Amino acid sequence: MSVQSSAPRIGGWLIVPLAWLLMTLLTSALVLAMYLSALVNPELRQALLHNTQAFTLQWSLSLLTSLVVWIYSIWVTWMFCKRSRRLPRHYIIWLLLTVVLAIKTFAFSPVSDSAAIRTLLIALLAASLLVPYFKRSQRVKNTFIEQ
């Protein structure tokens, strides 16, 4: 006789938020690697250290932001896989964080407007679809029940 868990497995439409989370986790890891490459490459390190203090401060804040997003994404992924009861609230916070970072990219980063708008629209679309899903879905309420 086999004993089944009362909570459903992660499946169905929950695969979409998990995929979005994993994609963002990988993207933030690549961004973090890009910032850290400036410390490894001698030419980039020289340019970083001999630039203005404002530039170094901006680079440091970007590195810190990337590190925080990466660590928080890892933690949210861990909670997702453990089916933690705290996950829905933190997933919503994580989605809103991605929207805030997309707005920051649009307003302050030296990227083309089309790329910044595309990033912002994708983050807004993900948040507008997944926040109501995590707030109202019975599957979410039944799946994320573990301590």
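Everything that follows concerns the structure shown earlier in this document.
Residues numbered from 1 in each chain as written. Predicted model: local features only at pLDDT ≥ 70, side-chain atom pairs only at ≥ 80, totals over all residues. Heavy atoms only, no water.

S.K.: Would you explain the nonpolar core in this entry?
M.R.: Nonpolar side chains tend to gather and get buried jointly when the protein is soluble and globular. One finds Phe-80, Leu-87, Tyr-91, Trp-94, Leu-95 and Phe-134 to be the most contacted residues of the largest nonpolar core, which totals 25 residues. For this core, the elements supplying multiple residues, two or more each, are α1 (15–40), α3 (53–82), α4 (87–108) and α5 (113–136). Ranked by residues supplied to this core, first place goes to α5 with eight residues. Residues contacting Phe-80, with those up to four places away along its chain left out, are Ile-10, Leu-14, Pro-17, Leu-18, Leu-21, Leu-87, Tyr-91, Phe-134 and Phe-144. Leu-32, Tyr-35, Leu-48 and Leu-63 belong to the second-largest nonpolar core, a separate cluster that totals six residues. (Core = buried A, V, L, I, M, F, W, Y, C linked by side-chain atoms within 4.5 Å. Buried < 20%, exposed > 50% of the residue type's maximum accessible area, 1.4 Å probe, protein only. Helix = DSSP H or I, 4+ residues; strand = E, 2+ residues; numbered from the N terminus. Contact = heavy atoms within 4.5 Å.)

S.K.: Just to check I follow, could you spell out α1 for this structure?
M.R.: Residues spaced three or four apart along an α-helix face the same direction, because each turn holds 3.6 residues. Helix length check: α1 (26 residues) gives 37 Å between terminal C-alpha atoms against 38 Å at 1.5 Å per residue, within 8%. Here α1 has its buried residues at Pro-17, Leu-18, Trp-20, Leu-21, Thr-24, Leu-25, Ser-28, Leu-32, Tyr-35 and Ala-38. (Expected span 1.5 Å × (residues − 1).)

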